[in-house]
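# Architecture at a glance
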Amino acid sequence: MVEDRKAIVIAQAIDALRRGWPISISDQGEILSLLAVERADDHRLKVFDPDQTADILLSAARAAILNLANDKEAATPDQPVTLARTPWIDCASALALADPSMDLEMPMKGPFKVKKTVIKSAAASALELARMAGLLPAFFVQEGQSEQSLLTLPAQDIVDFFQGQGVYIAARARLPIALGDHGKAIENSQIVAFRNDADAVEHVAVIIGHPDGQPPVVRLHSECLTGDVFGSLKCDCGPQLHQALRIMDESGYGILLYLRQEGRGIGLINKLRAYSLQDQGFDTVDANVRLGFVNDARDFRLAAQMLGELEIKQIRLLTNNPDKVEGLKKAGIDVVERLPLKIKPNPHNQAYLETKRDRSGHQL
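Fair warning: this is a prediction, and the values are worked out from it, not measured in the lab.

Parameters and conventions
Residues numbered from 1 in each chain as written. Predicted model: local features only at pLDDT ≥ 70, side-chain atom pairs only at ≥ 80, totals over all residues. Heavy atoms only, no water. Core = buried A, V, L, I, M, F, W, Y, C linked by side-chain atoms within 4.5 Å. Buried < 20%, exposed > 50% of the residue type's maximum accessible area, 1.4 Å probe, protein only. Helix = DSSP H or I, 4+ residues; strand = E, 2+ residues; numbered from the N terminus. Contact = heavy atoms within 4.5 Å. Phe/Tyr/Trp six-rings, centres within 6.5 Å; stacked < 30°, edge-to-face > 60°. Lys NZ or Arg CZ within 6 Å of the ring centre and 35° of its normal. Polar contact = N/O pair within 3.5 Å; in protein donor to acceptor, adjacent residues only side chain to side chain. Disulfide = S-S within 2.5 Å. Salt bridge = Lys/Arg side-chain N within 4 Å of Asp/Glu carboxyl O. UniProt positions renumbered as here; feature names shortened; annotations may be inferred. Pairing = 2+ DSSP bridges.

Let us now look at the nonpolar core. Ile23, Ile25, Leu34, Leu57, Leu129, Phe139 and Leu153 are the most contacted members of the largest nonpolar core, which totals 31 residues. Broken down by secondary-structure element, the contributors of at least two residues to this core are helix H1 (2-19), strand S1 (23-27), strand S2 (30-36), helix H6 (120-133), strand S6 (138-143) and helix H7 (155-159). Ranked by residue count, the leading element in this core is H6, at eight residues. Those residues in contact with Ile25, other than ones at most four positions away along the chain, are Glu30, Ile31, Leu32, Leu34, Ala122, Ser125, Ala126, Leu153, Pro154, Ala155 and Ile158.

This is the structure we're talking about:
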């Protein structure tokens, strides 16, 4: 029950941040109170910080873009950096500090003063909580307990949130599938829905064919609303999804794990901000880092847990990403073979694919 209570409080904290409500994070008796910059407005900020003394907490990645992080901090982009509050930093200017997609339309005023980050473990945990909530990693922050905070939770509980958590099968059904514009249907397929104990998010597996004595062809596919549903030409996600299903059908036995990790783990809205940065000339890696995140925040242990629930121990992994191979191996899955997934580029995603190859090590 204690572990359940921890998960409940973290879920409540994520929901509070998304709604623009302050929370507090504690560590060894010290407390940091926070209001997400993205969800603040003038009224909420005045109630949270009537004396206009709350500082600004950013990630080191964003601070480095603003030339406010030292070399050590810049080397760890998800670590916290604190900027001293000045009278002119209101909600609009704080959002401009946090959101790099606004840099061209709202040039920084400055100068800014970097302060020592207090209760650093709590500050770092707050940035991770923002990512879980799909928000920009930026807060108005006060040392001590705020009367406005909806709840207080320990920093270590956030660190441990996904440790030891698992998934379980919630439902399954037969699911005939049409293979894109090729006209062929996959009749011998089913869908299996999983729930994650940690965050209650649903993930699914599409199983094609039946066990035939050979390890199944497995594809880890991270959710991409723009590519999978709307056919975005900016990425290769939609074509990869359909090509993977074709390969599995041809192999006779395959499993596609559809993981709810939009935007390499930063969420849909932040992914669209990254798209905006790409339109300004930044590649996909730099776009994520400028937003204040690491290049890839996904956790492939989740996929290993799903395979475990399906009683799959050996697989042939359909991927160009070596991190997926290593992630599954570390989680106890025997990857007996890596199969390439070749997709023809188009004029809109050519640079994106080159970045995946040259900066993320994808074997295209």
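On to the packing of aromatic side chains. Per the stated rule, a full pass over the model turns up zero aromatic pairs. The residue whose ring lies beneath Lys234 is Tyr275, and the NZ or CZ to ring-centre distance is 5.2 Å.

What follows is about the side chain of Ser101. Note that Ser101 resides in the loop between helix H5 (91-98) and strand S5 (114-115). With a relative accessible area of 14%, Ser101 lands in the buried category. Within the local environment of Ser101, its side chain forms a polar contact with the side chain of Asp99, the two groups lying 2.6 Å apart. Excluding residues that lie within four positions of it along the chain, Ser101 makes contacts with Arg273, Ser276, Leu277 and Gln280.

Here we take up the state of the cysteines. If you walk through the whole model with that rule in mind, you get zero disulfides. Cys235 takes part in no disulfide bond, and the closest cysteine sulfur to it belongs to Cys237, at a distance of 3.5 Å.

Tallied over the full model, the rule gives 12 salt bridges. In this structure, the salt-bridge partner of Glu202 is Arg195, at a minimum N-O distance of 3.9 Å. For Glu202, a relative accessible area of 37% corresponds to the partly exposed category. Across the salt bridge formed by Asp296 and Arg298, the nearest N and O atoms sit 2.7 Å from each other.

Listed under "active site" (unreviewed entry) in the UniProt record, and renumbered for this structure, are Asp296 and Arg298. Structurally, Asp296 can be placed in the loop between helix H12 (284-290) and helix H13 (301-309). Side-chain polar atoms of Asp296 contact the side chain of Arg298, separated by 2.7 Å. Mapped onto the elements of the fold, Arg298 is located in the loop between H12 and H13. Judged by its relative accessible area of 17%, Arg298 falls in the buried class. Apart from the residues lying within four places of it in its own chain, the contact partners of Arg298 are Ser222, Gln261, Arg264, Gly265, Asn321 and Lys324.

Here we come to the pairing of S1. Where burial is concerned, most of S1 is hidden: four out of the five residues are buried. Looking at chain direction, S1 and S2 are connected through five bridges and run antiparallel. Pairing of Ser24 across the sheet is with Ser33, part of S2. Between S1 and the antiparallel strand that follows it, S2, lie two residues; Gln28 among them carries a positive phi value of about 50°. As judged from the three bridges shared by S1 and strand S7 (residues 152-154), these two strands associate in the parallel manner. When the bridges of S7 are listed, Ser24 appears paired with Thr152.

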